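# Structural description and commentary
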Amino acid sequence: MAEVIFFFAAIGAVAGAVGTVSLRNPFYAVLALVCHLLALAALFLLLRAEFVAAGQVIVYAGAVMVLYVFVVAYVGGTDEPLTASTGATLRFASIVFALALFVELTIALVGTSLSALDSEGAPYVPGFGTPAQVGELFLTRFLLGFEIASLLLLVAAVGAVILARRRAGLADPREISVAEVMRGREITATDAPPESMLEAGGPPQR
Amino acid sequence: LPLIWYLVASALIFSIGAGGVLVRRNPLVILLCIELMLNAANLALVAFSRAHGNMDGQIFALIVMVVAACEVAIGLGLIVAIFRRRLPIDVDELRELQG
């Protein structure tokens, strides 16, 4: 039974990875990555890492992917042109390199003398991989790493806000007041300040 | 099922991600490919954690997820900043790192 689940999950994970790399529209690439993450969570469950699997689904497939979808929607899913400026030779060389990397890694794995890799793993101890055990390790042995991780998240959040804030050089989008709407005066692109969101809307539609 | 299968799957996903970083030119997709590589590393870590019956690998995998989330936040912030400046969202065009 475990073999069947493994192969389904592994095929799903690899297919999701291939879709992420090869799909032209970034929005579909994000969706393929979500499939990949869910299949990977199944693999984690097979390896008795329950908390990691749950964290994967909630944090990655939930939160991080929503962030991606928002940014793709904001930036606009610009399809890449079919004729790359880098040329087909470089693309071909990249694929050859990726294949060579996989062959090399597989040779290293198959040729290894680690005996644990040919077995099902260490005997299962009840409680392995549960949130209780993870929490205990985080608050005892890995307390320093835990605190540094929280600090890193804070720094990243502040940094992202500073990076994505509106610069002084660009005009703010014009605010539409309720009074103007009530007066029946429509705001058209002609009275929009340059480089504003209103101007980007194009000519007025009649 | 021998654990080596998990490691081979991890190697395959890592290679696909590495190839994607080299082939694609949209920074959004390159970030996604980096996620793929980090996830492959996570799979290997959890597999080794299972092999030894030791939870340290799972803790490492969770920390990797935290770092990946930070990387996503900063990377997407950079992409939004690039978009605001009306620069092309293309790593081949963005060669100059001047403000």
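Read on for an overview of the structure. (Residues numbered from 1 in each chain as written. Chains lettered and ligands numbered in written order. Predicted model: local features only at pLDDT ≥ 70, side-chain atom pairs only at ≥ 80, totals over all residues. Heavy atoms only, no water.)

### Comments concerning the overall build of chain B
Condition: Labels follow the DSSP assignment, with helices taken as runs of H or I lasting at least four residues and strands as runs of E lasting at least two, numbered in each case from the N terminus. As a reference, a globule follows 2.2 Å times the number of residues to the power 0.38, and the radius of gyration itself is taken over C-alpha atoms. In this scheme, a residue with accessible area under 20% of its type's maximum is buried, one over 50% is exposed, and one in between is partly exposed, where area comes from a 1.4 Å probe on protein chains only. The contact rule is simple, with two residues in contact once any of their heavy atoms fall within 4.5 Å.
Summing up its helical and strand segments, chain B has three helices and zero strands in all. Counting from the amino terminus, chain B carries its helices and strands in the arrangement α-α-α. The C-alpha atoms of chain B give a radius of gyration of 17 Å, which is well past the 13 Å a tight globule of 99 residues would have. Considered along the principal axes of its C-alpha atoms, chain B spans approximately 50 × 25 × 15 Å. The buried share of chain B, reckoned over its 99 residues, is 62%. Contacts spanning at least 24 positions in sequence make up 55% of the contacts within chain B whose residues lie at least 6 apart.

### Quick notes on the overall build of chain A
Selection rule: Throughout, the Shrake-Rupley method with a 1.4 Å probe supplies accessible areas, and for residues the shown protein chains are the sole cover considered.
Of regular secondary structure, chain A possesses eight helices and zero strands. Listing each helix as α and each strand as β along chain A from the N terminus yields α-α-α-α-α-α-α-α. Evaluated residue by residue, chain A yields a buried proportion of 30% over its 206 residues. For chain A, restricting intrachain contacts to residue pairs at least 6 apart in sequence, the fraction spanning at least 24 positions comes to 50%. Entry remark: accessible area of chain A is about 12,700 Å², with carbon and sulfur atoms responsible for 71%.

### Some words on the interface of chain B and chain A
The criterion, for reference: By definition, the buried area sums, over both parts, the 1.4 Å-probe accessible area that each loses when the two are put together. Each salt bridge in this description consists of a side-chain nitrogen of Lys or Arg and a carboxyl oxygen of Asp or Glu lying within 4 Å of one another. Polar contact is the term for a pair of N or O atoms within 3.5 Å; when the atoms are in protein, one must be able to donate a hydrogen and the other to accept it, and sequence-neighboring residues count only if both atoms are side-chain atoms. All residues other than Ala, Val, Leu, Ile, Met, Phe, Trp, Tyr, Cys, Pro, Asp, Glu, Lys and Arg, Gly among them, are scored as polar; the first ten of these are nonpolar and the last four charged.
The interface of chain B with chain A comprises 69 residues on the first partner and 83 residues on the second. Overall, the association of chain B and chain A removes approximately 7,300 Å² of surface from exposure, summing both partners, and the carbon and sulfur fraction of that is 75%. Contact with chain A buries area across many residues of chain B, yet Leu 1, Arg 50 and Arg 84 of chain B alone supply 11% of it, more than any other trio. The interface formed by chain B and chain A holds one salt bridge in total. One can count six residue pairs in polar contact (both at pLDDT 80 or more) joining chain B with chain A. For the side of chain B that touches chain A, the secondary-structure elements that each account for two or more residues are helix H1 (4-23), helix H2 (27-52) and helix H3 (56-84) of chain B. In terms of residue count, the dominant contributor to the side of chain B that touches chain A is H3 of chain B (23 residues). Here the residues of the side of chain B that touches chain A sort into 48 nonpolar, 12 polar and nine charged.

### Overview of a nonpolar patch on the surface
To keep it simple, the criterion reads: Each patch is built from residues lacking any salt bridge and having more than 30% relative accessible area; the joining distance is 9 Å for like charges and 5 Å for nonpolar side chains (Val, Leu, Ile, Met, Phe, Trp, Tyr).
The grouping of Leu 151, Leu 154, Val 155, Val 158 and Ile 162 of chain A at the surface amounts to a nonpolar patch, some 480 Å² of accessible area in total. Judged by relative accessible area, which is 53%, Val 155 of chain A ranks as exposed.

### Overview of the packing of aromatic side chains
Stated formally: Note on aromatic contacts: the rings of Phe and Tyr and the six-membered ring of Trp form a pair at centre separations within 6.5 Å, being stacked when their planes are under 30 degrees apart, edge-to-face when over 60 apart, and tilted otherwise. Cation placement over rings: the criterion is NZ of Lys or CZ of Arg within 6 Å of the ring centroid and within 35° of the ring normal.
Under the definition given, this model contains six aromatic pairs over all chains. The cationic tip of Arg 48 of chain A hangs over the ring face of Tyr 124 of chain A; the distance from NZ or CZ to the ring centre is 4.0 Å.

### A word on the packing of helix H1 (residues 2-22) of chain A against helix H2 (residues 26-46) of chain A
All names here are of chain A. Worth spelling out the cut-off: All axes here are fitted lines through C-alpha atoms, helices being fitted over the stretch that makes contact, and every angle between N-to-C directions spans 0 to 180 degrees. Note on angle classes: values under 35 degrees are labelled roughly parallel, values over 145 roughly antiparallel, values of 65 to 115 roughly perpendicular, and the remainder oblique. It is the rotation of the near helix from the far one that decides the hand of a crossing: anticlockwise by less than a right angle makes it left-handed, clockwise makes it right-handed.
Where H1 meets H2, the axes come as close as 7 Å, and the angle between the chain directions of the two elements is 155°. Overall, the two elements H1 and H2 adopt an arrangement that is roughly antiparallel. Every pair of crossing elements has a handedness; the one defined by H1 and H2 is left-handed. Contact residues: H1 offers Ala 2, Ile 5, Phe 6, Ala 9, Ala 10, Gly 12, Ala 13, Gly 16, Ala 17, Gly 19 and Thr 20, while H2 offers Ala 29, Ala 32, Leu 33, His 36, Ala 39, Leu 40, Ala 42, Leu 43 and Leu 46. Here the contact of H1 with H2 is built from residues that sort into 15 nonpolar, five polar and no charged.

### Here's the deal with the environment of Glu 71 of chain B
Residues and elements named next belong to chain B. Relative to the elements of secondary structure, Glu 71 occurs in helix H3. Along the sequence, Glu 71 and Ile 34 sit 37 residues apart, while their C-alpha atoms lie 9.5 Å from each other. Discounting residues that sit within four places of it in the chain, Glu 71 has contacts with Leu 31, Ile 34, Glu 35 and Leu 38.

### Overview of H3 of chain B
Counted only if it meets this: Any helix carries an expected span of 1.5 Å times its number of residues minus one.
Here H3 of chain B contains 29 residues, and its C-alpha end-to-end distance of 42 Å stays within 8% of the 42 Å for a straight helix at 1.5 Å per residue. Following H3 of chain B by one or two positions, Arg 86 of chain B adopts a phi angle in the positive range, close to 60°.

From the geometry alone we can't say anything about function, so treat these as descriptive.
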